[in-house]
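# Structural description and commentary
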Amino acid sequence: MTGSPIWHPFTQHGLGEPIPLVTRGEGAALYTADGRRIIDGISSWWVTTHGHCHPRIMAAIAEQAGKLDQIIFAGWTHEPAEALARGLTAIMPRELTRVFYSDSGSTSVEVALKMALGFWANRGAPRHRILVMQHSYHGDTIGAMSVGERGVFNAPYAPLLFDVGTLPFPAPGAEQATLDALEAACRENPAALIVEPLLLGAGGMLIYPARVLAEMRAICARHGVLFIADEVMTGWGRTGTLLACEQAGVVPDILCLSKGLTGGAIPLAVTMATEAIFEPHFSEDRARMFFHSSSYTANPIACAAANANLAIWREEPVAARIADLSARQARRLTTLAGRPGVANPRAIGTITAIDVTDPRGGGYLSQLGPRLLRHFRERDLLLRPLGNTVYVMPPYCIDDADLDRIYAAIGEALD
Ligand SMILES: *Cc1c(COP(=O)(O)O)cnc(C)c1O
């Protein structure tokens, strides 16, 4: 759309790539103004879980919009937020007793970091160092970038990013090095470790074993270092279970959720915390309150959408749908796995990924990325490779015909 004043995210306008105009979404499909039906192979950037315009979520939004649109959340409350907090504490691990609302994955991470620092400050033993894992992604605000992988994405801002301790990624065969690095770093009394459990998304769909996650949690517990799980992407069934942490049998001190929280319909995030994190902030001293808010904290319409998502989880066979999609995805991955040009075929829950071997080398700015993007766009598929990593992360309602079209197009791309 030439002439549009819009400055798009993660888009190089100078390349003149077409920017399709989407007018409608239903299930796993998006419809464009020029009459095309696009299959959403990445859940509109990892947010759409049950499908676009899910009737129950849309109805909840419409109903709430007729009652209460927005209200200040400092010192005031409303039923959709109360119901959602009750629903979340019921479905999430019982140790996570407190729910703090914000608007995006990035803000949920900022809140988690501030909670961790507030915990130490209010106990009169300030700590500031944060431990992170290599290749992590936690969002695009300054704090979230600081705890994420440094690279071409954030080079211009590097001098402003705070210093962190980085653990090597637990690649196959190198898991012990990660645990040893964590053990050593914990001896210097850091405030917290923040990790994406089991799956590093934006870092290239990198999977590591549940055993390593469990060990990392145990090391943090042993040293009294707070453990923050960023399940912004992995939460809501993506990796096969409601939370990825479940597969390692671990409960974090602080949990970040967003993306699928409203089924992907409306921006909303929560940072959940244990009573131990809340307790040092609880006082008659106003200086010890949690100093964070955004204008739309716990927006009632967004909370209503999230309540509808929770109702879907409670009342519909979501776990069975996820298991079924996971199996259908895994079967199709095996058809690609042996082919020339395919490296590291991998799957976790509803997600599959391959690396397309590029003789000129990979990385986010790999020349293969834009060529693959064009290939998929020409076939009416919304797939967005991470450099030379092609992944499929569809809404849980996608049918076999649409999945087959996605995998056929990936096969053609390899040819
Ligand atoms: C997407 C993502 C974020 C950031 O969420 P936004 O809503 O885009 O700010 C944070 N952490 C992880 C693991 C993510 O995948």
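### Focus: the overall build of the protein
Scanning the protein from terminus to terminus reveals 12 helices and 16 strands. Expected size for 415 residues packed as a compact globule is a radius of gyration near 22 Å; at 21 Å, the protein falls within 12% of this value. For the protein, the spread of C-alpha atoms along the principal axes amounts to about 65 × 55 × 45 Å. A burial count over the protein gives 51% of its 415 residues as buried. On the protein, roughly 18,400 Å² of surface is accessible, and the fraction owed to carbon and sulfur atoms is 57%. Separation between the mean location of the 35 positive side-chain charges and that of the 41 negative ones in the protein comes to 1 Å.

### A look at the site of the ligand
As a structural note, the neighbourhood of the ligand is formed by Trp-46, Ser-104, Gly-105, Ser-106, Tyr-137, His-138, Gly-139, Glu-196, Asp-230, Val-232, Met-233 and Lys-259. Within the side chain of Lys-259, a nitrogen or oxygen atom sits 2.7 Å from an oxygen atom of the ligand. Protein coverage of the free-state accessible area of the ligand, which is 380 Å², stands at 83%. Here the residues of the shell around the ligand sort into four nonpolar, five polar and three charged.

### Quick notes on the sheet that holds strand E11 (residues 254-257)
Sheet strands line up and pair through hydrogen bonds in the backbone, either parallel or antiparallel. Taken together, seven strands build an open sheet; the order of strands is E4-E12-E11-E10-E7-E5-E6 and the sheet is mixed. Of all the strands in the sheet, the pair left with one neighbour each is strand E4 (96-102) and strand E6 (165-167). Within the sheet, the average angular offset between the axes of one strand and its neighbour, ignoring direction, is 20°. Of the pairings in the sheet, the one linking strand E5 (residues 130-133) to E6 comprises three bridges and is parallel in character. Paired with Met-133 across the bridge in E6 is Leu-167.

Calculation notes
- Residues numbered from 1 in each chain as written.
- Predicted model: local features only at pLDDT ≥ 70, side-chain atom pairs only at ≥ 80, totals over all residues.
- Heavy atoms only, no water.
- Helix = DSSP H or I, 4+ residues; strand = E, 2+ residues; numbered from the N terminus.
- Rg over C-alpha atoms; globule rule 2.2 N^0.38 Å.
- Buried < 20%, exposed > 50% of the residue type's maximum accessible area, 1.4 Å probe, protein only.
- Areas by Shrake-Rupley, 256 points an atom, 1.4 Å probe, with all protein chains shown as cover.
- Lys, Arg positive; Asp, Glu negative; His and termini not counted.
- Charge placed at Lys NZ, Arg CZ, Asp CG, Glu CD.
- Near = heavy atom within 4 Å.
- Polar contact = N/O pair within 3.5 Å; in protein donor to acceptor, adjacent residues only side chain to side chain.
- Nonpolar A, V, L, I, M, F, W, Y, C, P; charged D, E, K, R; others polar.
- Pairing = 2+ DSSP bridges.
- Axes fitted to C-alpha atoms, helices over the stretch in contact; angles between N-to-C directions.

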